[in-house]
Amino acid sequence: MSPKSTTLHHVTKQSYSLRAEKATHPLTSYLLRLMALKSSNLCVSADVSTARELLSLADNLGPSIVVLKTHYDLISNWDYNPHTGTAARLARIARRHGFLIFEDRKFGDIGNTVQLQYTEGTAKIVEWAHITNVNMVPGKAAVDALAEAGRKWRERKRYEVKTDISVGTPRPESVDSDAEEDEDEEEDGFETPVQQDEVGFGRLTADTQRQRERDGRKASIVSITTVSQHFEPANSPRSAEDFGDEVLRGIEEAPLERGLLILAQMSSKGNFMNQEYTDACVESARENNDFVMGFISQETLNREEDDQFVSMTPGCQLPPAEDENAEVKGDGKGQQYNTPQKIIGEMGNDIIIVGRGIIKAADPVKEAERYRKKGWEAYEARIA
Ligand code: S5P
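Under an unreviewed UniProt entry, the name given to the protein is Orotidine 5'-phosphate decarboxylase, and the organism recorded is Phialocephala subalpina. Regarding the protein, the UniProt comment filed under Sequence similarities (unreviewed entry) reads as follows: "Belongs to the OMP decarboxylase family." Reading the Pathway (unreviewed entry) entry of the UniProt record for the protein gives the comment "Pyrimidine metabolism; UMP biosynthesis via de novo pathway; UMP from orotate: step 2/2."

Pasting the structure below:
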């Protein structure tokens, strides 16, 4: 659809800081605070082919952006290891520079399938992407299902499973009793290396060894493995004070809540997202507003008094710096572009999403700053 220039909703006149205070979704509130802190409403779309390019873009552009958008399936050598892989490394860069990771997965299937795609499989997107998005063509059930999966994941994350493993030796009087102990432990289902790995607690402590020896356990041919688990509240988001330079100064790390954007309008020429579809997206967002942060759209879709969704807008390019009045053309493959001024200033959106305009520039760092400034000026003029 071609977006209408409408009278802008009252929220578009408010500062990001004020909106951060009012937002009920923790991740939306955090994002708005981050925007105010970094004077940035820029999301870079890191559409590159290797993990190395992705990580170096993230690190170099980190200071200018508030969101980094990924298409993990474009990366030929994505490393799926949850602790040392591409997503884990990206997460560390995101914490250090203060930006959110948005996997532009555009889920578009029946509810059951999108839940599995979001939480399972090779990528386990929910584990590392603060934000993802859905193409609502299959219907509202896709949004409901993702919201359910996001809530369940968050609930599980509320407690960290901490696992201690100690390897000792059996009491001299009976090897049988040790066998029983082993059996009991296995019945409890506690010998799960994945859980041990997940929290990094799968280690043998010297203290436990010594304690075992004090308890009268002596060397023997059979050893006992005792695995104990306890549940502890997960740390609340850490700040630079307790996390050093690993977290951007001035804000704590992102909350654990996950967020969804609904693909309500597209930038591509001749797309089939009509008004009826867009209206249904807005309804669905209102129905799931503890999980849906807002939209990928070409105009703000806040309509009712209480709406406080964010809209993130792709299809953004600037004319070259040396000819700022030049017309920005499409990419010849259906993509259409608008300037930050039009997207933020006139259409009332919150975040510009820029891919090739920045990543293909001769100097992406400088270009990202040029976009950041233009986007920010448009916002400041809008709320003035
Ligand atoms: O309507 C849309 C929705 C999205 S998410 N139009 C888009 O272009 N996108 C994405 O934004 C697209 O998949 C790509 O990753 C990015 C735009 O890239 P650019 O190089 O054209 O700025």
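Attention now moves to the pattern of salt bridges. Evaluation of the coordinates by the stated rule reveals 21 salt bridges. With its nearest N and O atoms 2.9 Å apart, the salt bridge here joins arginine 33 to glutamate 252. Of this pair, arginine 33 sits in helix 2 (residues 26–38) while glutamate 252 sits in the loop between helix 11 (240–243) and strand 7 (259–263), and the two are 219 residues apart along the sequence. Among the charged side chains, a salt-bridge network with shared partners connects Glu324, Glu367, Arg370 and Lys374.

Here we come to the site of the ligand. Surrounding the ligand, one finds 16 residues, the nearest of these being Asp47, Lys69, Ser267, Tyr337 and Arg356. A distance of 2.6 Å separates an oxygen atom of the ligand from a polar atom in the side chain of tyrosine 337. At 2.9 Å from an oxygen atom of the ligand is found a main-chain nitrogen or oxygen belonging to glycine 355. Summarising the interface, the protein chains cover 91% of the accessible area of the ligand, which totals 490 Å² for the free molecule.

With parallel pairing, the 8 strands of this closed barrel are ordered in space as 1-2-3-4-7-8-9-10. Strand-to-strand, the axes of this sheet are offset by a mean angle of 25 degrees, without reference to chain direction.

Attention now moves to the layout of surface pockets. Put simply, the second largest pocket is a space of about 530 Å³. For the lining of the second largest pocket, the secondary-structure elements that each account for two or more residues are strand 3 (100–107), strand 10 (351–354) and helix 14 (356–359). Counting residues per element, the lining of the second largest pocket draws most heavily on strand 3, at 3 residues. Each residue belonging to the lining of the second largest pocket can be placed in one class, and the counts come to 11 nonpolar, 11 polar and 7 charged.

This next bit is on helix 12 (residues 275–287). Owing to its 3.6 residues per turn, the α-helix brings residues three or four apart onto one side. Here helix 12 spans 18 Å end to end across 13 residues, near enough to the 18 Å set by a 1.5 Å rise per residue. Listed as buried for helix 12 are Tyr277, Thr278, Cys281, Val282, Ser284 and Ala285. Down the axis, helix 12 shows its buried residues gathered within 165 degrees of arc, on one side only. Summarising the contacts, the buried residues of helix 12 are in contact with strand 4 (131–135), helix 7 (140–157), strand 7 and strand 8 (292–296).

With numbering matched to this structure, UniProt assigns "active site" (unreviewed entry) to Asp104, Lys106 and Asp109. Lining residues of the second largest pocket drawn from the annotated set just named are Asp104 and Lys106. In this fold, lysine 106 is placed in strand 3. Given a relative accessible area of 29%, lysine 106 falls into the partly exposed group. Setting aside residues up to four positions removed in sequence, lysine 106 forms contacts with His71, Asn133, Val134, Asn135, Leu263 and Met266.

Located in the positive-phi region is serine 39, a residue other than glycine, with phi close to 45 degrees. Position of serine 39 among the secondary structure elements: in the loop between helix 2 and strand 1 (42–45). Even without being glycine, lysine 106 reaches a positive phi, approximately 40 degrees.

What counts, and where the lines are drawn
Position numbers for residues count from 1 along each chain, tracking the sequence in the order it is written. For this predicted model, a pLDDT threshold of at least 70 governs which residues receive local features, and a threshold of 80 or more governs which side-chain atom pairs are given and counted, while totals over whole chains, interfaces and linings are taken from all residues. With hydrogens and water set aside, each side-chain value is computed from the structure's full complement of heavy atoms. UniProt positions are given in the numbering used here, feature names are shortened, and annotations may be inferred rather than shown by experiment. Just to be clear on terms, a salt bridge is a Lys or Arg side-chain nitrogen sitting within 4 Å of an Asp or Glu carboxyl oxygen. Secondary structure counts use DSSP, requiring at least four H or I residues in a row for a helix and at least two E residues in a row for a strand, with both numbered from the N terminus. When at least one non-hydrogen atom of a residue lies within 4 Å of a molecule or strand, that residue is treated as near it. Counted as a polar contact is a pair of N or O atoms within 3.5 Å, where, for protein atoms, one must be capable of donating a hydrogen and the other of accepting one, and residues adjacent in sequence contribute only when both atoms are in side chains. Each accessible area value is a Shrake-Rupley result obtained with a 1.4 Å probe; residue values ignore everything except the protein chains displayed when judging cover. Think of it this way: DSSP has to see at least two bridges between two strands before they count as a pair. Comment: axis = line fitted to C-alpha atoms, over the contacting stretch for helices; angle = value between 0 and 180 degrees taken between N-to-C directions. Cavity and pocket criteria rest on a 1 Å grid covering protein atoms alone: a 1.4 Å probe that fits but cannot get out defines a cavity, protein on both sides within 12 Å along at least 5 of 7 lines defines an open pocket, and an atom within 4 Å of a point defines a lining residue. Grid points are joined across faces, edges and corners, and a volume is the space filled by probe spheres set on the points. Note that Gly is not counted as nonpolar here; it falls among the polar residues with everything else outside the nonpolar set of Ala, Val, Leu, Ile, Met, Phe, Trp, Tyr, Cys and Pro and the charged set of Asp, Glu, Lys and Arg. To estimate the expected span of a helix, subtract one from its residue number and multiply by 1.5 Å. Throughout, exposure labels follow a simple rule: accessible area from a 1.4 Å probe, protein chains only, divided by the maximum for the residue type, with under 20% read as buried, over 50% as exposed, and the rest as partly exposed. As used here, the arc belongs to the directions running from the helix axis to the C-beta atoms. Residue contacts are defined here by distance: any two heavy atoms, one from each residue, within 4.5 Å place the two residues in contact.

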